[in-house]
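Summary of the model geometry
Now for the letters of each chain:
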Amino acid sequence: MVGARGRSRTSAVRLLRVSETPEIHESDVPEQMRVRREKRDRIIADGGEAYPVSVDRTHEIADVKAAYTGLEDGEETQDVVGVAGRVVFIRNTGKLCFASIQDGTGERLQIMLSLAEVGEDSLAAFKADVDLGDHLFAKGRAIKSRRGEVSVFATEWAIASKALRPLPVLHKELSEESRVRQRYVDLIARPLARDTVRHRATMVRSLRDSLHSRGFIEVETPMLQTQPGGAAARPFITHMNAYDIDLYMRIAPELFLKRAAVGGIEKVFEINRNFRNEGADSSHSPEFSMLEAYEAYGDYSTIGRLTQDLVQGAAQDVFGTQVVTLADGTEYDLGGEWAHLTMYGSLSEAIGEEITPTTPVEHLEMLCDKAGLKVDPKRVNHGKLVEELWEHHVGDTLTAPTFVRDFPVETSPLTRDHRSIDGIVEKWDLYVRGFELATGYSELVDPVIQRERFEQQARMAAQGDDEAMRLDEDFLTAMEHAMPPSGGMGMGIDRLLMALTGLGIRETILFPLVKPQED
RNA sequence: GGGCCUCUAGCUCAGCUGGUAGAGCAGCGGACUUUUAAUCCGUAGGUCGUGGGUUCGAGCCCCACGGGGCCCA
């Protein structure tokens, strides 16, 4: 602790030293920034405040608009309100100025300043000091303008916070790059960006509420792990100085949630971040949020039912309907009972010949060749090939929400064998709009078979499969204390929001990772 | 990993077959007491992502690198 504090003090000092020698080359600063900086300096030099500690806000914009929308055009009241928001529109005419302020919800309210009401000096100061993008406070009577807009006719005004950079043009879309690099600007400028933040919050609350109401207990399990497990993925590696050991950012919480289940938390879930050291594209982010839930004395069917209920409940809570309207304007129906099909059955039907867990690898390779599929030679086995074929022949054709059941055993080392069919496991993947939204298992709880599965994975790793799972002795010890028969599921939170809205993953994550720009 | 598109003023974008860089908004100065992306007059603003190359001459053509997007694997 002491050491840590000492270090942070050192870095604070270093930071201070840097900020004491600001190297601002005046000629490099765009004119608009220079002008605003000069305004800030002048306001302060004149004894004013560009960043006051508080302003006398008495009303929210939405409340003012709601209370006075019934006024006649041009009607004035004597009710005095204090409002604040960011200036998004300004019109400085000779003796009557207009400004529209916007708050965090996107609600806007017009402020009017007249020479008669505020006097010459105040009006001149307003024109000189207030820019688009500033936070502005205004106090005055609530009125409706002659043109019928609810307004505050100011008797006092103050800059609540001076913006040193200009706003972008609010009538054009920001470029996609600016949207993610400067999300704060995106949030100011684009209503859909604000909506997405709120939709996500509502959705996550809906999931939590649904789970809590069913008796699930939310826990938090380690993100820094001594051994990464629970999924097939490459981890991020970091280092802990105090113990001088490498740690891994978790790729999944599964192995810890199962330890919790062993300990008797019979209905358990976690909503939290996972990290996978892989590529990023329109549906993958290196850090993403995931819900995992485990239900003792359930199986993959009961957990599938729960998953459908959670998703449908989220759609209902966010949009009030299970027929959601996507970003491109199309409708997507999440309602009703979702289709179920089996992996081997649907693949056999699609290619017109019977594929079973005993179909030889050579034959599957031939089928892959025929379909033009290239499989990483380090990862060739029956299960991989069947999944590749299935994705190509069936997965890509799925649009309606569909549970795909009964996977090959090789790719599912944490799932129990099917209760009646050899060579497959009790696992489903949920496909929504063609992408994988969730997965569910009848959990493997036999510690002896679990050890064999890990050993099988170790052999795959030895052949060069860098996504193969690693044997986790501590986890096996927990399992040897007996985990109750359980159903478990995992669902991507970002992907659920993608499914509900039709947005890309970088729009569903508030601050997605962006590569630094080199000058 | 491969292919295609893209990077120009604070923002959004034009820029023809290679010939000294343009608009709208915003900015600055001015007019205007009911404006809604006001209007009008005037004005400033650029190392065209970075680095090479071809050329008498490159925003434009070629190569490499970087950022972003889309498609494929």
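Summarised in this report is the structure supplied together with it.

The rules behind the values
Residues numbered from 1 in each chain as written. Chains lettered and ligands numbered in written order. Predicted model: local features only at pLDDT ≥ 70, side-chain atom pairs only at ≥ 80, totals over all residues. Heavy atoms only, no water. Near = heavy atom within 4 Å. Polar contact = N/O pair within 3.5 Å; in protein donor to acceptor, adjacent residues only side chain to side chain. Nonpolar A, V, L, I, M, F, W, Y, C, P; charged D, E, K, R; others polar. Patch = residues over 30% accessible without salt bridge, like charges linked within 9 Å, V, L, I, M, F, W, Y side chains within 5 Å. Areas by Shrake-Rupley, 256 points an atom, 1.4 Å probe, with all protein chains shown as cover. Salt bridge = Lys/Arg side-chain N within 4 Å of Asp/Glu carboxyl O. Helix = DSSP H or I, 4+ residues; strand = E, 2+ residues; numbered from the N terminus. Buried < 20%, exposed > 50% of the residue type's maximum accessible area, 1.4 Å probe, protein only. Pairing = 2+ DSSP bridges. Core = buried A, V, L, I, M, F, W, Y, C linked by side-chain atoms within 4.5 Å.

**Here's the deal with the protein's contact with RNA strand B**
By nearness alone, 37 residues border RNA strand B, and Phe-89, Arg-91, Gln-110, Arg-147 and Glu-177 come closest of all. In this structure, Glu-149 approaches RNA strand B through a side-chain N or O atom, which is 3.0 Å from a base oxygen. Here a phosphate oxygen of RNA strand B and a side-chain polar atom of Arg-506 are 2.7 Å apart. Here the surface near RNA strand B is composed, by residue class, of 13 nonpolar, 10 polar and 14 charged.

**Let's talk about a nonpolar patch on the surface**
There is a patch of nonpolar side chains on the surface, built from Val-197, Leu-510 and Phe-511 and spanning about 250 Å² of accessible area. Its place among the elements puts Phe-511 in the segment after helix H17 (505–508). When its relative accessible area of 53% is taken as the criterion, Phe-511 is described as exposed.

**Side note on the pattern of salt bridges**
Summed over the entire model, instances satisfying the criterion amount to 33 salt bridges. When the shortest N-O distance is used, the salt bridge between Asp-309 and Arg-214 registers 3.5 Å. Taken together, the positions of Asp-309 in helix H10 (residues 300–319) and Arg-214 in the loop between helix H8 (191–213) and strand E6 (217–218) put the pair 95 residues apart, joining distant regions of the chain. One network of salt bridges, in which partners are shared, links Glu-173, Arg-179, Arg-183, Asp-186, Arg-190 and Glu-507.

**Description of the sheet that holds strand E9 (residues 245–249)**
Ordered by their spatial adjacency, three strands build an open sheet running E7-E9-E8, and the pairing between neighbours is antiparallel. Whereas interior strands pair on both sides, the edge strands pair on one side only; in this sheet they are strand E7 (224–225) and strand E8 (237–240). In this structure, E7 lies alongside E9, joined through two bridges in antiparallel fashion. From the neighbouring strand, Gln-225 faces E9, where its bridge partner is Tyr-248.

**Let's talk about the nonpolar core**
Of all hydrophobic cores here, the largest spans 39 residues; its most connected members are Met-203, Leu-291, Leu-334, Met-491 and Leu-496. Sorting the residues of this core by element identifies H8, strand E10 (267–275), strand E11 (287–296), H10, strand E16 (424–432), strand E17 (435–442), strand E18 (486–492) and helix H16 (493–501) as the ones contributing at least two each. Broken down by element, this core gets its largest block of residues, eight residues, from H10.

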